[in-house]
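# Geometric and topological summary
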Amino acid sequence: MRQPHNFTAADEQILSLGRVFQSLREEDNFDALIATTLSYLQEQFEYNLIWIALYDRLNHVLFGKGGITPSSDISYLKQRVVLNPGDLLEQVVIEQHPLGVPDLRAEIRAEGWQQLAQNFNIQGTIIAPISYKNRCLGLVLLGSQRWGYLLSGVTRAKLMMVLGELAAVLYEMEMNLQHKQTKRFDELLLPLLENLRTLNNLEQRLEALVEATHQFVLPARTRIYWFNREERYFWRRINNKNVNRGFLPKAQEAVTKITVNDLSDFYFALSLNEIVWIGEGRSSLQSNFTLKLLQRLQVRSLLAAPIICQKDLLGFLAVEATEPRIWAEADKNFIKGAAGLISLLAPSEETESTIQKIQAHAHITGHIAQGIYSDYQVQEILDNCATQILQQLAATRFLLLQYDPEQNNYQIFYQSHLQSHRLPLSHLDALKDVDWQLLLRATEGVAIENLEEDLRFFNWHPALIKNGVRSLVISNCAPNYPPHALLAIANETHRSWTTLEKELVQIVAQQLGVILRQRQLHQRTEQQQKILHSFQRCLRILEDSQGAKTQPLQQLEQTALEQIASILNCSLAVLIAWQSGENVAKIIPGVIANSHFEILTDTPLPLQTEALIQWAIATDGILALTVDDLPPTTRKWFNGAGIGQILVMALRTTPDHHPTGVVAIADHLERQWSEDCLRVTETLVYQMAWSRRWLQISQMLQSKTEELSLLNWYKHRRLEDLQRTVTQLLTQMQDLGIPDHEMTQMRYQQLLLQLDKTNASMKALLKLEVWQLQMSWETIPIARLLKRSLERVDNLVKQQKLWVGVHGLGQQQQAQESEQNHSLLPQSSLAIAGDVVKIELVLHELLIAACQRSTDGGRIDIWCRRSDQRLLEVSITDNGFIQPQLLTELTQNASKDLLASSGFEQSLALHLQICQKLMHQLGGELHIYQLPDGRSVSRLLLPLASNINPL
């Protein structure tokens, strides 16, 4: 039976497919593979546009390898296509699945192909990947002039089979190529190493490395560029076409050198040990530097590997191509290995010079170490060190910086510069936090090759550039510690610094740090001695205050302010002082350095409204302010143009004592003070407060003593005159004789007896108690004492119509008296012992105070009761009001501020305080207080007589 015709066509298709597979397997040329595949696709599929492209994974681009178009022009199909995110071609490459497009003309995701489709009326399109083992090797684009034209299932299967076989062959060829390159790498490397071992000098070895690199990579040129560190440019040392021995001629050197300033990014990449590659459409550098580098070298592709020895860039090995080229990984690895070999060979050329540098460095550091442990002067050590290190490093400026916390900047501790016309630096600003942390962590000197382009230490740039500095190495004198001391070696031209040079700067900085530390300790000792001297001067004023010709208080204030200004090194120190009870303060000038810190010292300052005074009083310790914190009213008198930073502290001794002054200190706005200086200042202000208080109290007590002495002298002399007059009157009365009348005679005798008794007591007072009280011992019944005291205030009681009641005199003694060997007696028979005259005066004073407190028609009660076996309690209560402040002043345990003024009549508080002290000397007590119901109580405890013998 004859087979149907369609089976015969299928057999032919299978046979055709088998022939294609066999041709693809036997082919070993990329172009032949593409041609075979294209021929089969054109024969078997009815598509007007066929494009085959291979995929570069490294650069993410497609390279067109040919195809067919409705016209004879296929130049577009051999172009390079960069894949962009969102493109249809990229989607197929990434997902590795076929993709159909109904109308390519309207597909906006196929930019470039959309225009081609419109030109050739291409509509239905299929994009299929060429992939093997999950790796995309390329793709095929099939386009038809019919809308939505897609392949059927069998036809699509044939397409995928052909593309799969093509992918397998391409993958195998790629693996073989990588294997050949690896084998070729070994074939070149092993003979190269043997050849390098037999060559005599560095130039011959470099030539051999250049030739081997050129043979492996096959570029247009292979060259070695060497780095001139002092002038910062690369010069061409070896060229594969024209091998040079030694340096190039000067006429040719200007043409063959690359300056760092022109291509800074290229230089920085090499310094970081990174390979620089520039290929077809891609570069490891920024586009602007890529273009400049290609123009400078006159190439279109470049592969450069750095030659680094001991962290220092010596040069680079470069392979150059005059056409765009994609550099394979094998090329990059080989040139990187060749540059590494050069970095191993290069030190042998500079071994002798390196040894000489190390010896010179050791001599410098040894000289500094010898200076530390000898009696050399610091200036001499630094002069010798600066001269040697500047010569050794070919630098122009030596700077030793020390941080000043009070000024918040780096002061120039020492500097030396070769060019004498350069002005010396005065100081540098404080470091930013990022630079502070950089120096804190650095293990070697931090090098800046071009100060104008480097952002490190940016706030120093204006001052350094103004003084001609263009590059420098800076090192922390105490590694891993805050950079309070720094060593900077600067140069007036751009240059690079080797690792050996940075290590030398670090070692020298550490040794100089020891010198600075010793000097700092010495300065601290001097400062402590200065502080001790300040305390001694202030204390000496107290010692010399007795008999001083000048006012000791004024001398103390002036000296204390001078010492405070000296310790803080400030420009202004004044005292704002006032007396207790005053409402206005005055300004006492102490130290005013110059006209920029002058203030209006004759301005009266109200205590309650002056902000500076109130802020200081409300603060415990030193209060730091700036001039911007002051209100306008304060700025009117605190108006120095240079005032910026302000410190104020109140003169405070104890919480019970009110401040009597405020110390105000000022300096410029950039000024900062250390914690040590502030603590010392606090101590000095405290000492000043106590000393000033002591002097004020001493002066006040001395003045009062003089007044009391004068008063005592005057009263004593008056009493003498009175006693003399009474004596004369008694004499005259006795001379006249006794009157005849009996009643008159009796009265005359009584008056004469009383007058004589008064004269006798006055005589004893004048004789025994001139400057000191004398205590006598008498007894008197309490009833008689109260009666005599009430008789003395009888007129005052009647004037105010007061009711006075005495309670407790008619009651019996307590039960414990029954144990004594006498019968029970009324309590009114109790007697007290002591100086009766003085006790009577105290009782009289208390009665007068009670009467004065009471209102007209008021009531006064006197209670008598036995407190214990030894004391008798006499309490005087009245309805009068006692001021709380007076009660506080009369409290014996209360702390009394002798300088504080009292709001009461001086005689009232003083008399009651005298009564308290007098009763204490007599063995009794006096307490004055107020009851919860508002009544006032004067509680008097009197010693009882041991034997009751009433007078």
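First, a word on what this report is: a plain description of the structure on this page. Model, not experiment: these values are computed from the prediction. (Residues numbered from 1 in each chain as written. Predicted model: local features only at pLDDT ≥ 70, side-chain atom pairs only at ≥ 80, totals over all residues. Heavy atoms only, no water.)

### A short note on the environment of His-657
To be explicit about the condition: In this description a helix means any DSSP run of H or I spanning at least four residues, a strand means any run of E spanning at least two, and both kinds are numbered starting from the N terminus. Whenever two N or O atoms come within 3.5 Å, that pair is a polar contact, provided that in protein one can donate a hydrogen and the other can accept it, and provided that, for residues adjacent in sequence, both atoms are side-chain atoms.
Summarising the element assignment, His-657 is placed in the loop between strand E23 (645-650) and strand E24 (661-667). Taking the C-alpha atoms as reference points, His-657 and Arg-693, 36 residues apart in sequence, are found 9.9 Å from one another. Only 2.9 Å separates the side chain of His-657 from the side chain of Thr-653, close enough to count as a polar contact. Looking at His-657, its side chain comes within polar contact range of the side chain of Arg-693, at 3.3 Å.

### What about the pattern of salt bridges?
What counts, and what does not: What makes a salt bridge here is a side-chain nitrogen of Lys or Arg within 4 Å of a carboxyl oxygen of Asp or Glu, nothing more.
Following the criterion strictly, the structure yields 22 salt bridges and no others. Between Glu-449 and Arg-232 there is a salt bridge, with its nearest N and O atoms 3.2 Å apart. With Glu-449 in the loop between strand E16 (446-448) and helix H14 (461-466) and Arg-232 in the loop between strand E7 (221-228) and strand E8 (233-239), the pair connects residues that are 217 residues apart, well separated along the chain. Of the charged contacts, one joins Arg-456 and Asp-454 as a salt bridge, the two residues approaching to 2.8 Å between their closest N and O atoms. Residues participating in the shared-partner salt-bridge network are Arg-221, Arg-223 and Glu-320.

### Here we look at the sheet that holds E24
As a reminder of what qualifies: Note on pairing: two strands pair once DSSP finds at least 2 bridges between them. Residue contacts are defined here by distance: any two heavy atoms, one from each residue, within 4.5 Å place the two residues in contact. Axis definition: a line fitted to C-alpha atoms, over the contacting stretch in the case of helices. Angles run 0 to 180 degrees between N-to-C directions.
Strands sit in the order E21-E20-E19-E24-E23-E22 across an open sheet of 6 strands; the sheet is antiparallel. Only two strands of the sheet have a single partner each, and these edge strands are strand E21 (605-606) and strand E22 (623-626). Inspection of the sheet shows strand E20 (residues 584-592) paired to E21 by 2 bridges, in the antiparallel sense. By the bridge assignment, Ala-585 is partnered in E21 with Leu-605. Sitting on the sheet, helix H16 (residues 552-568) is in contact with strand E19 (572-577), E20, E23 and E24, with an inclination near 55° to E20.

### What to know about the pairing of strand E28 (residues 859-866)
Sheet topology note: the strand E26 (residues 803-807)/E28 ladder contains 5 bridges and is parallel. By the bridge assignment for E28, Gly-805 is matched with Asp-861. Pairing analysis gives 7 bridges linking E28 to strand E29 (residues 871-878), with the strands arranged antiparallel. Bridge pairing in E29 links Arg-866 to Leu-872. The antiparallel hairpin formed by E28 and E29 contains 4 residues in its connecting segment.

### Topic: unusual backbone geometry
Heads up, the condition is: Burial classes: relative accessible area under 20% of the type maximum marks a residue as buried, over 50% as exposed, and values in between as partly exposed (1.4 Å probe, protein chains only).
Within the chain, Arg-232 stands out as a residue other than glycine whose phi angle is a positive 55°. For Arg-232, a relative accessible area of 4% gives the class buried. One non-glycine residue, Asn-569, adopts positive backbone phi at about 55°. By secondary structure assignment, the location of Asn-569 is in the loop between H16 and E19.

### Re helix H23 (residues 836-853)
The condition is simple: An expected span of 1.5 Å times one less than the residue number is assigned to each helix.
Taking 1.5 Å as the rise per residue, H23 with 18 residues should run 26 Å; its terminal C-alpha atoms sit 26 Å apart, in good agreement. Of all 18 residues making up H23, 13 are buried, and the element is well covered by its neighbours.

### Focus: the packing of aromatic side chains
We count it as follows: Centres within 6.5 Å are what make two rings of Phe, Tyr or Trp a pair, Trp counting through its six-membered ring; a difference in plane orientation under 30 degrees is then read as stacked, over 60 as edge-to-face, and the rest as tilted. Here, over-ring charges are defined by two tests on the NZ atom of lysine or the CZ atom of arginine: distance to the ring centre within 6 Å, and angle to the ring normal within 35 degrees.
Per the counting criterion, the structure on display carries 18 aromatic pairs. Summarising the aromatic geometry, the rings of Phe-216 and Phe-334 are spaced 4.4 Å apart at their centres and angled 10° between planes, so their arrangement reads as stacked. Taken together, the residues span a long stretch of sequence, with Phe-216 in helix H6 (residues 202-217) and Phe-334 in helix H10 (residues 329-345) at a distance of 118 residues. Taking 6.5 Å as the distance between ring centres and 65° as the angle between the ring planes, the aromatic pair formed by Phe-234 and Phe-266 counts as edge-to-face. A residue pair is termed long-range when its members are at least 10 positions apart, and Phe-234 in strand E8 and Phe-266 in helix H8 (residues 264-271) qualify at 32 residues. The class of Phe-234 is buried, set by a relative accessible area of 1%. When its relative accessible area of 2% is taken as the criterion, Phe-266 is described as buried. Within the aromatic cluster, the residues linked to one another by ring pairs are Tyr-225, Phe-227, Phe-234, Phe-266, Tyr-267, Phe-268 and Phe-316. The lysine or arginine in question, Lys-332, covers the ring of Trp-277, its NZ or CZ lying 4.3 Å from the ring centre.

### Notes on the nonpolar core
Using the following cut-off: Here the nonpolar core consists of buried residues drawn from Ala, Val, Leu, Ile, Met, Phe, Trp, Tyr and Cys, with membership extended through side-chain atoms lying within 4.5 Å.
If you look at the biggest cluster of nonpolar residues, it comprises 39 residues, and the most contacted ones within it are Ile-782, Val-874, Leu-940 and Leu-942. Of all the secondary structure elements, the ones that give two or more residues to this core are helix H21 (782-792), H23, E28, E29, helix H24 (884-890), helix H25 (906-921), strand E30 (925-930) and strand E31 (936-943). Counting residues per element, this core draws most heavily on H23, at 8 residues. In this structure Leu-942 touches Ile-782, Leu-785, Ile-832, Ile-839, Arg-870, Leu-871, Leu-872, Val-874 and Met-919, once residues within four positions along its chain are discounted. One finds Ile-224, Ala-305, Cys-309 and Ile-342 within the second-largest nonpolar core, a separate group that totals 33 residues.

### As for the environment of Asn-261
Turning to its location among the elements, Asn-261 is positioned in the loop between strand E9 (257-259) and H8. Its relative accessible area of 40% is what places Asn-261 among the partly exposed residues. Along the primary structure Asn-261 and Tyr-233 are separated by 28 residues, whereas in three dimensions their C-alpha atoms are 8.3 Å apart. Not counting residues within four places of it along the chain, the set of residues in contact with Asn-261 comprises Arg-232, Asn-450, Glu-453 and His-494.

### Re the side chain of Glu-90
Applicable threshold: A positive count includes Lys and Arg, and a negative count includes Asp and Glu. His and the chain ends are not counted in either.
Locating Glu-90 in the fold gives a position in helix H3 (residues 88-95). No salt bridge is formed by the buried Glu-90; its nearest oppositely charged neighbour, Arg-109, is found at 9.9 Å. Setting aside chain neighbours within four positions, we find Glu-90 in contact with His-60, Leu-83, Asn-84 and Pro-85.

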